[in-house]
Amino acid sequence: MTAMKTTILCAATLACGAALAEEVRDYRAEAIAMMKRDFKTRGIATADRVHEDGLQAICNRTSDHPPKAIAERLERDQMESIKYPPDGKLMGDWKAGEKLAQSGRGMTWSDKAGVPGGGNCYNCHQIGPQETSFGTIGPSLYQFGKLRGNTPDVQKYAYGKIYNAKAFNLCSAMPRFGHAGALTESQIKDLVALLLDPQSPVNSK
Amino acid sequence: MKQRLSTLMAAAVMTAAFAVQAQQPMKKAPPPAKAAAPAKAKDGITAEFEKFREVLEEDNPAELFEAKGEDIWKHKKGPDGASMAQCDLGLGAGVVKGAYVQMPRYFADVGQVMDAERRIVHCMVKYLGYKEEDIRKQPFSNDSKTPDHVSVITYVAAQSRNMKIAVPQKHPKEIETFRIGREIFDYRAGPYDFSCATCHGSDGMRIRTQDLPNLRKPAEAIRAYQGWPGYRMTGGFMLTQQWRMNDCFRQQRFPEPAYLSDSITALLTYMTATANGQVYKGPGIKR
Amino acid sequence: MADPMKIRAQMQGDTADIRVLMSHPMETGQRKDPQGKVVPAHHIQSITATVAGKLVLDGQIGAAVSRNPVFGFKVKGVKAGDKVVITWVDNKGDKRTDEATIG
């Protein structure tokens, strides 16, 4: 009873409230609650996007450095969720891939439902040598196929990486394009071709 | 007569240059011969624009909005005769000088932290009789209208030109708001798994050719603040920091943050307080 | 009623540097609104400037000039304290006159 009174009294004065709060407050939880209140559906960007999924939560809680054991387990889960094309063909048309790589569209509230998005690739990566306007958040992919060849294993790796980069590096900055439904199977195939087709400018000398 | 002709010519050259640069959509740089070379260099358009911006900063059309905002601040009366002279931006009723660089801050009359835009709108509703729901209908400028509150923000911001950012971090609510803002900055979610920090949390990164400031660092955090509110040449209207935050979340593939919401105030508190001590140059100009 | 101009006029040696910021939509007549309807042309057509009552500039501009244009020119043979008067007229017949003193 006395303890309770003290708490109430204490909370009633601001300075005291802050001192108490210092030890117990979870600013992350408060931030999430606040965002859930403030963020609203607009167009295709629905309000539920502000909820973190399990993987995002682990990365958020560990500042993108999850303990190794957890990371490995979750990477395995992500890997298992990758859907490879049933026909086994992983390479599409590199020219279509280049167009996709250029496009930064998709999944914003100003994008229309049902209109295919782009790959956003040049936003972060150097890719074809002719395009000088490229970002540096991700590594350069110039000569990607030239350095690795295009054996079935390499194709599978490239497809999987675009489909779900988190299967290879749990808290990678790269979106999970297939997993999120941001790119279709045939779009990913075209991007694989852009990276691996010997005719693609990515692999030119 | 000869003199008159030469003045005319000089003027004509200037406007012509203006027209070409301002109205054509910026095109991508022409592809140079080699791939590796441009990795570090800014592209030609960016460099050209920087030169152009320097020339324009002296005659920034933002001044037109500043003048309009000043007029509203000084002369407009609310339905019961109140005016913005009663508005306390944190430094006392009616004090505008230096107020912009000292917000967000805690305001005792409302018991919460408000950023500059939120506070100014609050005052315009309270004293000048603007309706909050009308402001919310068009919070941001477009090419047919720059709303009054945006002009007032431009005026208030200009009154902090060349002053150091000094966002207070004393009141417990100010400290709390900063901490929540930092969490929002780091929060990954949405279909692309992006947070603010995905692009603005490390050094030396670019999207396409656009340099990305690391907003965790004071010297770079100023870059999220500098130039806002800004006159956007494509379209010819003023955009505010609230707009900038809104558009960041759009590109982050998030849902839309409500205008003047707590989340945006928190984020602005984190980002602005991180830039404390840096000098604000006043309303800017953007392409 | 159009918003006021901002005029700066400053002597630099024997020359006055005059810069005018005008508030005007400067619609080209070629732009479409979100509904696809053409936005009618609405732009400044002529600008005149007098210094101390003497016409020093009489210019015509058109749709190629950007919104809220800046107009700068230099005039010799004037002095600090002279009054600068700028007038623009647009294609709808709207006009605006503002003045400043050379500093």
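Residues numbered from 1 in each chain as written. Chains lettered and ligands numbered in written order. Predicted model: local features only at pLDDT ≥ 70, side-chain atom pairs only at ≥ 80, totals over all residues. Heavy atoms only, no water.

What follows concerns the sheet that holds strand β1 (residues 6-12) of chain C. Strand order in the open sheet formed by three strands is β1-β2-β5 (chain C), and the pairing between neighbours is antiparallel. Looking at which strands have only one partner, the edges of the open sheet turn out to be β1 and β5 (70-76) of chain C. Across the sheet, the mean angle from the axis of one strand to that of its neighbour is 15 degrees, orientation sign disregarded. Here seven bridges tie strand β2 (residues 15-21) of chain C to β5(C), and the two strands are oriented antiparallel to one another. Each residue of the ladder has a partner; that of L21(C), found in β5(C), is V70(C). Against the sheet, helix α3 (residues 62-75) of chain B contacts β1 and β2 of chain C, and its axis sits at roughly 120 degrees relative to β1(C). (Pairing = 2+ DSSP bridges. Helix = DSSP H or I, 4+ residues; strand = E, 2+ residues; numbered from the N terminus. Axes fitted to C-alpha atoms, helices over the stretch in contact; angles between N-to-C directions. Contact = heavy atoms within 4.5 Å.)

What follows is about the packing of helix α4 (residues 116-128) of chain B against helix α6 (residues 148-158) of chain B. All names here are of chain B. Their axes nearest at 10 Å, the elements α4 and α6 cross at an angle of 120 degrees. On the basis of the axis angle, α4 is oblique to α6. Relative to α6, the crossing made by α4 is right-handed. Residues E117, I120, V121 and M124 of α4 touch α6, and the partners they reach there are D148, H149, V152, I153 and V156. (Parallel < 35°, antiparallel > 145°, perpendicular 65-115°, else oblique. Left-handed = near helix turned anticlockwise from the far one by under 90°.)

Across all of its chains, the model carries two disulfides over all chains by this definition. Disulfide pairing places C59(A) opposite C171(A) at an S-S distance of 2.0 Å. Sign of the S-S torsion, about -90 degrees for the bond between C59(A) and C171(A), identifies this disulfide as left-handed. Here C59(A), found in helix α4 (residues 54-61), pairs with C171(A), found in the loop between α9 (152-163) and α10 (185-196); they are 112 residues apart in sequence, far enough to count as distant. Grouping residues by exposure puts C59(A) and C171(A) together as buried. Between the sulfur atoms of C87(B) and its disulfide mate C123(B) the distance is 2.0 Å. Here the S-S torsion is close to 80 degrees, and the disulfide linking C87(B) with C123(B) is therefore right-handed. Taken together, the positions of C87(B) in the loop between α3 and β1 (105-107) and C123(B) in helix α4 put the pair 36 residues apart, joining distant regions of the chain. An identical accessibility class is assigned to C87(B) and C123(B); each is buried. Unpaired in this structure, C121(A) has its nearest cysteine sulfur neighbour in C124(A), at a distance of 8.9 Å. (Disulfide = S-S within 2.5 Å. Buried < 20%, exposed > 50% of the residue type's maximum accessible area, 1.4 Å probe, protein only.)

Here we come to the side chain of T269(B). Residues and elements named next belong to chain B. By the secondary structure assignment, T269 is in helix α11 (residues 262-274). When its relative accessible area of 1% is taken as the criterion, T269 is described as buried. Other than its neighbours up to four places away in sequence, T269 contacts P104, V113, Q169, E174, T177 and F178.

A few words now on unusual backbone geometry. For the bond from M103(B) to P104(B), the omega torsion is 5 degrees, close enough to zero to count as cis. Omega for the bond connecting W228(B) with P229(B) falls within 30 degrees of zero, at -10 degrees, which places this linkage in the cis form. By the secondary structure assignment, P229(B) is in strand β6 (residues 227-232). A positive phi angle, near 70 degrees, is found at Q143(A), a position not held by glycine. With a phi angle near 45 degrees, N68(C) is a residue other than glycine that sits in the positive phi range. Judged by its relative accessible area of 5%, N68(C) falls in the buried class.

All right, on to the pattern of salt bridges then. When their charged atoms lie close together, side chains carrying opposite charge are able to pair. As enumerated under the stated definition, the model contains 34 salt bridges over all chains in all. Taking the shortest distance from any N to any O, the salt bridge between K68(A) and E72(A) comes out at 3.4 Å. Residue K68(A) and its partner E72(A) are both found in helix α5 (residues 68-80); the two are separated by four residues, about one turn of the helix. Judged by its relative accessible area of 66%, K68(A) is exposed. The salt bridge partner of R31(C) is D143(B), with a shortest N-O separation of 2.8 Å. In this pair, R31(C) is assigned in the loop between β2 and β3 (44-51) and D143(B) in the loop between α5 (132-137) and α6, connecting two distinct chains. Through salt bridges that share partners, D59(B), E63(B), K6(C), R8(C) and R19(C) make up one connected network. (Salt bridge = Lys/Arg side-chain N within 4 Å of Asp/Glu carboxyl O.)

A few words on the confidence of the model for chain B. Residue-level pLDDT values for chain B average 87, and 84% of them are 70 or greater. Scored below 50 in pLDDT, residues 1-41 of chain B shows 59 contacts in the model against residues more than four places distant or in partner chains. (pLDDT = per-residue confidence, 0-100.)

The subject of this paragraph is the environment of V150(B). Residue and element names in this part refer to chain B. Positionally, V150 belongs in helix α6. With a relative accessible area of 1%, V150 lands in the buried category. V150 sits 92 residues away from Q242 along the chain, and the two C-alpha atoms are 10 Å apart. Apart from the residues within four sequence positions on either side, V150 is in contact with P139, S141, M238 and T240.

How big an interface is tends to be stated in terms of accessible area lost as the parts join. Listed as interface residues are 47 residues of chain B and, on the opposing side, 61 residues of chain A. Counting the surface chain B buries against chain A, the share from its top three residues, Y187(B), R188(B) and R208(B), is 18%. For the interface between chain B and chain A, the tally reads seven salt bridges. Notably, a salt bridge pairs R25(A) with E176(B), separated by 2.9 Å at the nearest N-O pair. Inspection of the region where chain B meets chain A yields 28 residue pairs in polar contact (both at pLDDT 80 or more). Going through the elements one at a time, α7 (172-186), α8 (196-200), β4 (205-207), α10 (241-251), β8 (256-257) and α11 of chain B are the ones with two or more residues in the side of chain B that touches chain A. Sorting elements by how many residues they give to the side of chain B that touches chain A places α7(B) first, with seven residues. (Buried area = accessible area lost by both parts, 1.4 Å probe. Polar contact = N/O pair within 3.5 Å; in protein donor to acceptor, adjacent residues only side chain to side chain.)

Of all hydrophobic cores here, the largest spans 68 residues; its most connected members are W73(B), V156(B) and I184(B). Contacts of V156(B), omitting those with residues within four sequence positions, involve W73(B), L89(B), V96(B), Y100(B) and I120(B). (Core = buried A, V, L, I, M, F, W, Y, C linked by side-chain atoms within 4.5 Å.)

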